[in-house]
Protein chains: 8
Amino acid sequence: MNHEELKKLILGIQKGETSTDEAFEKLRDLSFTDLGHSKIDNHRELRTGYPEVIFCAGKTVDQVKDIIQHMLSKGENILATRATEDMYNAVKTICSEAEFHPLARTITIKRKKIKVPETSIAIVTAGTSDIPVAEEAAITAEVFGNKVLRVFDVGVAGIHRLYGKLPEIRNCRVIVVVAGMEGALPSIVGGLVDKPVIAVPTSIGYGANFHGLSALLGMLTSCASGVTVVNIDNGFGAGYMASMINKL
Amino acid sequence: MNHEELKKLILGIQKGETSTDEAFEKLRDLSFTDLGHSKIDNHRELRTGYPEVIFCAGKTVDQVKDIIQHMLSKGENILATRATEDMYNAVKTICSEAEFHPLARTITIKRKKIKVPETSIAIVTAGTSDIPVAEEAAITAEVFGNKVLRVFDVGVAGIHRLYGKLPEIRNCRVIVVVAGMEGALPSIVGGLVDKPVIAVPTSIGYGANFHGLSALLGMLTSCASGVTVVNIDNGFGAGYMASMINKL
Amino acid sequence: MNHEELKKLILGIQKGETSTDEAFEKLRDLSFTDLGHSKIDNHRELRTGYPEVIFCAGKTVDQVKDIIQHMLSKGENILATRATEDMYNAVKTICSEAEFHPLARTITIKRKKIKVPETSIAIVTAGTSDIPVAEEAAITAEVFGNKVLRVFDVGVAGIHRLYGKLPEIRNCRVIVVVAGMEGALPSIVGGLVDKPVIAVPTSIGYGANFHGLSALLGMLTSCASGVTVVNIDNGFGAGYMASMINKL
Amino acid sequence: MNHEELKKLILGIQKGETSTDEAFEKLRDLSFTDLGHSKIDNHRELRTGYPEVIFCAGKTVDQVKDIIQHMLSKGENILATRATEDMYNAVKTICSEAEFHPLARTITIKRKKIKVPETSIAIVTAGTSDIPVAEEAAITAEVFGNKVLRVFDVGVAGIHRLYGKLPEIRNCRVIVVVAGMEGALPSIVGGLVDKPVIAVPTSIGYGANFHGLSALLGMLTSCASGVTVVNIDNGFGAGYMASMINKL
Amino acid sequence: MNHEELKKLILGIQKGETSTDEAFEKLRDLSFTDLGHSKIDNHRELRTGYPEVIFCAGKTVDQVKDIIQHMLSKGENILATRATEDMYNAVKTICSEAEFHPLARTITIKRKKIKVPETSIAIVTAGTSDIPVAEEAAITAEVFGNKVLRVFDVGVAGIHRLYGKLPEIRNCRVIVVVAGMEGALPSIVGGLVDKPVIAVPTSIGYGANFHGLSALLGMLTSCASGVTVVNIDNGFGAGYMASMINKL
Amino acid sequence: MNHEELKKLILGIQKGETSTDEAFEKLRDLSFTDLGHSKIDNHRELRTGYPEVIFCAGKTVDQVKDIIQHMLSKGENILATRATEDMYNAVKTICSEAEFHPLARTITIKRKKIKVPETSIAIVTAGTSDIPVAEEAAITAEVFGNKVLRVFDVGVAGIHRLYGKLPEIRNCRVIVVVAGMEGALPSIVGGLVDKPVIAVPTSIGYGANFHGLSALLGMLTSCASGVTVVNIDNGFGAGYMASMINKL
Amino acid sequence: MNHEELKKLILGIQKGETSTDEAFEKLRDLSFTDLGHSKIDNHRELRTGYPEVIFCAGKTVDQVKDIIQHMLSKGENILATRATEDMYNAVKTICSEAEFHPLARTITIKRKKIKVPETSIAIVTAGTSDIPVAEEAAITAEVFGNKVLRVFDVGVAGIHRLYGKLPEIRNCRVIVVVAGMEGALPSIVGGLVDKPVIAVPTSIGYGANFHGLSALLGMLTSCASGVTVVNIDNGFGAGYMASMINKL
Amino acid sequence: MNHEELKKLILGIQKGETSTDEAFEKLRDLSFTDLGHSKIDNHRELRTGYPEVIFCAGKTVDQVKDIIQHMLSKGENILATRATEDMYNAVKTICSEAEFHPLARTITIKRKKIKVPETSIAIVTAGTSDIPVAEEAAITAEVFGNKVLRVFDVGVAGIHRLYGKLPEIRNCRVIVVVAGMEGALPSIVGGLVDKPVIAVPTSIGYGANFHGLSALLGMLTSCASGVTVVNIDNGFGAGYMASMINKL
């Protein structure tokens, strides 16, 4: 339930248009619904402006299905990240409009329309192998109601590939830069644009990459200003933050 | 030179109001000025919307003075971070309106007026010992033209201290959260507000803190959404990013 | 053999009620039984108040079966942790009342009654994925004779879910808090209750989580007092310590 | 203000024995007092059973003095850890009964009497160099109203030194074991007693000790049960937890 | 070829008892034999007193077979470590007396008799799971001509199990102690005996064990003297060194 | 397109020997070709003297095939590293002269002749298990037009094996040294030759090797001069750099 | 003694132009001179083409003076790195033409002329604070007889500063790139030039820089080819390698 | 008290040659003497063959003096490591024959004669800067009654310096090899001799040396057999172990 919906409900009660039973039904789970294994945070949208998102890693197929079953009854748009195809198949049985994005490993269910701002979010990758993380960011941003500009494989080993895309990127309101290995691209982009840059280190690489550590440390110590960092491979976090900024 | 100033100059040349000599003088250093030890990036404001900032650590007093001397001739507002009192004293001899902020270890020089948005930036700390980093963020945000709300010492060991300040914090457009030790405060704040949170880990702590590593890793793996992270003790980076977002 | 049983045996010998052969049989393995691959510590209960527990990881199915076979002859309650289903099936062939707890990966065999204190142990998790570790703690506490209150999925991203459960938690004598990712929940709980908190970091997470390191460091550097920490994913250790404190 | 004091105050108001002004004075700071740089958590004793403790590292002499000045007005016993002699001298000017414990680096001020349980806390060190951390634990336990048994320099290189002291240690209700280098002592003690062991790794050592890391990892992976761990050099945390358990 | 064999050959040449062709055949590969993928160090026994040992990890089955084929022609005893059953099966086809030790993952081939000293090597483990590494050490020591005393599962959680075995251990000339988790056993043993202790950390454990790091650091920082350390899980290295010392 | 080819094209246009259409066709992709998932850097040879190389790890079979399909149309020699047999089979269907080097995990396609310098590159390994990385370096050097001297299994445990090969190695113009475990061989070689040494740490080893970290740190801190280092297992990088130096 | 000098000496002996005494004097220390604390490697120039260099860190002033005293008698050019002013003053007393380079912390003594190649070495830094390391590289390259092009402060936050200098850099035969923080500059340069790039990470930065680790890992995992890496702050190593390549 | 002395005392009591008082005086402190801050392990020589050694780091001057004062009364030879000059001066006041070894940072007091074996211990260093650690090993070995051969500065950058000394080294019974930076020397020596090698990593180096980590990991992963390792900079531990082996 978001701010508007809650206000409408209160008004309905005040005006007598909403019956006690109806009001009770809608309000009793305002805080959270306890499924035993999980407590679904129904109140989150009121607090943070965004519905709860399901992080599927470490959950069983049944737990994911349970949670989605419950959320469907609330009419929210639903995003499940780090989802497997098995989870998608289980969800499909209870909701036929569920979509699976295999590259991004996400399930999305669109139930209500969201206002989409005019401005876009740019999602830029250094290499081809960074695309899955970028797609997680892109799907996240789109499901929360944003236009996305995808610019892939423009890393620093051939930096001229970035320059051709720079005017389009500069037109966006916020920029997500996804890179593995040495993770240098956010520094370059941060030095060329006047928009917030959200850097996503990926675990792409080997050896001294140490599963994304090289890219992570590189981005944190970036000599460019206006760059902040999320966890290794955290496309969702970057897409979420970009959406927040794009909608301010 | 920012976007507006450059456009005015081009117009002046087109209209014949600006002489060739004058135009040359103004344009020849558009890209950068080479001081030998440093190449001052005069072009940065055009590219990124912000003038170059001097990171003083690792520079000599003379180098800092040289760079500021040059920048003064451009009429920019100046921010120098990680500055010592010695540097300030040297700068004072060439610019009497320079101010020193000992807690934040910054020198500021205000030469031109900047438009300040209506919305504020909240700067929140977990403890008293985190204040110097928070002040670096606050001074940075202020010198770039932002209103700042300071909320200090509201860490998770007594989380009720945060709740009292929550309405004010929620009114801000972007929130900087500064915390050392386990660095849990950004997760809490991120779960309670609908605004972007910029998390700053500090090196406050001992033992398994490993000079800020515990806070850094904690913030990167935050289970709250809408949280991005900057380098350990990087108050400047957080203040800069917050300003960027606040001015979008 | 525990304190009481040993005293009774000595009395029996003194009074002549226990024959030499009988006494010899009971006392010869008082110290430990040597199975070649393992030396079972029969003396542990006398020393520490708790019978030996079998940590199955790195042991073969046959070794686990051997050890349990021997322990059965002593009449003790038996707890085997990190057990596989294969181990359980082998144990089943020699002891039909063995129970397997798949989520907790433990085998339990109850042979003698234990006094259960009035007070309870609260076992709290931050997320759904932390439940297996929490269950290991819960089963451990229960097999050693304690009442357990389970409170799952009340992590800091939606901290209001914790507040609803706080009165019940405060009624417990000791609190186990299980959390992965940034591991912030023990700090929060520690700041809200006047009972000892045992923090269990889990390896749930990815990237900068580094297999539980972020949660571990966070808990060790907690700014709340009254929090101590066990190894990553060590539900058993937390349940054991909680039982010790609950029974003081 | 602790539970009893609050109940007495409420009763006084109900019975009319406490005037409005008096009640207001006592209640207005119930939550916290805001000194600007610090928010003193007056409510902590109600919540956790213990008054706030001042962690002096990273605070200025004036900040420490300010905080103590305020706390003195509440009549609480006061404990300040990681204090310098300078801080003590400043505190002395406002409170003559303040005591300094140079080895433990703590300042204590006793203002009200606390009930001391019959049972003791054992504080055991592996070496002579671990004594400062052990003393921080001991002073903490004593200021919170506990009897302390000190057993120093009984580390594993000459383990017979421990055995002589074992009966006394076993008589205590909870045991703090402080060790640097390989940190093996808590494992040994944990295998010999039936009481909770709180392990404190110290930064004593060099080379592969990595500032206490070897002891910390050793204690976390202890093969003995009933051992939990606090941060490197965190004598305070261990003394606090031991007090909590001793007073259950 | 060892010292004695070389001297005999030289004498044979001097006395004319060995023909030129025979001498040439025996001497041409004195230094090393080049198999392309490997250069077998035939000279090692002359230099170090021990024949070359085959470390099989990272080698193909064919490479291992090739190397052994060549070594067989020299009449040496052969030891291959980290061997798989597949490798053993391949070796079996060219040498029927090859033996496989599955626990120790080693292949041994005994071709010539070695003098065995009167004194023994003790090989002690903390737990049951450490036995495979201990067996690698034991097989190594035995193949090089040493008597071995195996003492398994006497770790510090029940240290009395060690004391019963102490007299036998003290009778050995050198002691190998194998332990995972916190790796405390070598410190204990080192403090109780007057013989060199070779400590072998194992990767047994989980969480903060970090694949043997906790045991490794613990052993390196041991407060007992007379303890040196080999690589994690390096049973071979310990058995080799113990043999060297036992044969001095 | 390399320097010469571009100059010839420009001359052709100037002389009217190349038609507009032809010129357009050749120049339109001069910068890069956008395949959506990848942007092929056609311009790289002009800039760096070497055509783009395909790093296959993290790419799908189809992506690799797409990229090679496109590059074939340019007539370049092609090198794909970290390739699987599946990738090779897919490439085979579009280019029959593709070769697979299973040890080196590379695919090569030779389309045009390259000038080969007189001088050679030595590629030296410490052990047999380091050969795959060495082969990646060798194939890389060969495909870029260099003669290679392979010297395998001459590590420091039997350093005399190196001395026999030293004259040949000294005759080369640049030396690649590949070593795992402690990675000492580059230091030895660097102290014996007057040629640049490129050190490649490998992940061969176990325990304190930490996946190549021991070799990497050892090589970086080498006390011999004239040694530079590439990433762990980066045979390609070493072969590429060696080629660059050999062709200067 | 270098190759030419040795050949001349042998010729002199053969022709009888050099007396026995003279020859003995020159040859007796050909291998090394033993000063007790140090063994000066007189043979190094013959082996590696370069005279021994004195790494002063960890040596006493007297040891440095002793070593230089001895080397002076050989007529070599001398380079001492990581030298203090005290060392320089001591050296000055025995050799008046010694020069001190305070920024580079090196002492140089030029005694014989070296052939200088036509081609230059470019030494490029990301920031002003990286200059000391760059100067160590530059002085090293110069003392070994190379022309050096210095290009300072052209890091990626304002990458246009690099483009202006690119033609000059491309004219050099080998390029040293010195950078701290995220260390991204070598990747950029490596993608733009067709010359070998030697990357030098510096310890400039703070927090997640971890004393140069971020720059080191970034450079090792560079996605640009033709980049090799030396130790953190190892300007000498880079200058030495660059000289080797420049003189091939 | 060592084995012989104890036997003589027992005999004296049996024969009536030792009075009750005398026997009591000698036996009452047989186990340990409690100085409060320290428990001196008088029993150690009986157990381990060596008297207790004082590790001075982390102890106050007074504590060191107290301990030595007590030990003097027992007539033992005394070794204090990591001692400062201040400690020496304090000790001097109570024992004029105390000697200080500033390079090795040790105090030695010789009170009784020890049998010295015929065989020697070789102590070899890679560089000049490793000498202090080597001297700690040498002094330790000497005070425990061993002959020492010192061979300094023969590291792998000029490995021919080692070969000249090899025959002498091979004559020793055990070899201590001390090296910093990449720590390669023990591998080389281990491959050339048939004696046990004890490797001591030192913290000499910078950057990727990480305070001795590179040398430590290198030595642990040595491809040579017969090499064991002690802690970084632990000259004492190496000298102690070498003495143990030399005296077997």
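Residues numbered from 1 in each chain as written. Chains lettered and ligands numbered in written order. Predicted model: local features only at pLDDT ≥ 70, side-chain atom pairs only at ≥ 80, totals over all residues. Heavy atoms only, no water.

A. Summary view of the pairing of strand E9 (residues 174-179) of chain G. Residue and element names in this part refer to chain G. By the criterion of burial, E9 is predominantly enclosed, with six of the six residues buried. Where burial is concerned, the two faces of E9 agree: the one with Val174, Val176 and Val178 and the one with Ile175, Val177 and Ala179 are both buried. Summarising the sheet, strand E7 (residues 120-125) and E9 pair through five bridges and their orientation is parallel. Its bridge partner lying in E9, valine 124 is registered against valine 177. Sheet topology places E9 next to strand E10 (residues 197-201); five bridges connect them, and they run parallel. Each bridged residue has a counterpart across the sheet, and for alanine 179 the counterpart in E10 is proline 201. On the question of chirality, the crossover connecting E9 to the parallel E10 by way of helix H9 (residues 185-190) is right-handed. (Buried < 20%, exposed > 50% of the residue type's maximum accessible area, 1.4 Å probe, protein only. Helix = DSSP H or I, 4+ residues; strand = E, 2+ residues; numbered from the N terminus. Pairing = 2+ DSSP bridges. Right-handed = clockwise from strand over helix to strand, strands pointing away.)

B. Inspection of the interface of chain E and chain H at higher detail. In this assembly, 30 residues from chain E lie in contact with 30 residues from chain H. Buried surface at the junction of chain E and chain H, both sides included, amounts to about 2,700 Å², of which 66% is carbon and sulfur. Looking at the side of chain E facing chain H, the largest losses of area belong to Arg47, Leu220 and Leu248 of chain E, adding up to 22% of the total buried there. At the junction of chain E and chain H, the tally comes to zero salt bridges. Seen at the junction of chain E and chain H, the total is four residue pairs in polar contact (both at pLDDT 80 or more). For the side of chain E that touches chain H, the secondary-structure elements that each account for two or more residues are helix H3 (44-48), strand E10 (197-201), helix H10 (213-220), strand E11 (227-229) and helix H11 (235-246) of chain E. (Contact = heavy atoms within 4.5 Å. Buried area = accessible area lost by both parts, 1.4 Å probe. Salt bridge = Lys/Arg side-chain N within 4 Å of Asp/Glu carboxyl O. Polar contact = N/O pair within 3.5 Å; in protein donor to acceptor, adjacent residues only side chain to side chain.)

C. Seen up close, the relation of the copies chain B and chain D. Mapping chain B onto chain D calls for a screw motion: a turn of 90° about the axis and a shift of 0.0 Å along it, with 0.0 Å RMSD after fitting. Here the two chains are linked by the operation of a four-fold rotation axis. No C-alpha of chain B approaches the rotation axis more nearly than that of phenylalanine 210 of chain B, which lies at 7.2 Å. (Least-squares fit on C-alpha atoms with pLDDT ≥ 70 in both.)

D. Highlighting the packing of helix H6 (residues 131-143) of chain D against helix H11 (residues 235-246) of chain D. Residue and element names in this part refer to chain D. Orientation of H6 relative to H11, taken along the N-to-C sense of each, is 35°, at an axis distance of 7 Å. When you trace H6 past H11, the crossing you get is right-handed. Along its contact with H6, which presents Val133, Glu136, Ala137, Thr140 and Ala141, the element H11 presents Gly235, Phe236, Gly239 and Tyr240. Counted by class, the contact of H6 with H11 contains five nonpolar, three polar and one charged residues. (Axes fitted to C-alpha atoms, helices over the stretch in contact; angles between N-to-C directions. Left-handed = near helix turned anticlockwise from the far one by under 90°. Nonpolar A, V, L, I, M, F, W, Y, C, P; charged D, E, K, R; others polar.)

E. Layout of the state of the cysteines. Counted under the stated rule, the structure contains zero disulfides over all chains. Here cysteine 223 of chain H stays unpaired: no disulfide links it, and the sulfur of cysteine 223 of chain F, its closest cysteine neighbor, is 15 Å away. When its relative accessible area of 28% is taken as the criterion, cysteine 223 of chain H is described as partly exposed. (Disulfide = S-S within 2.5 Å.)

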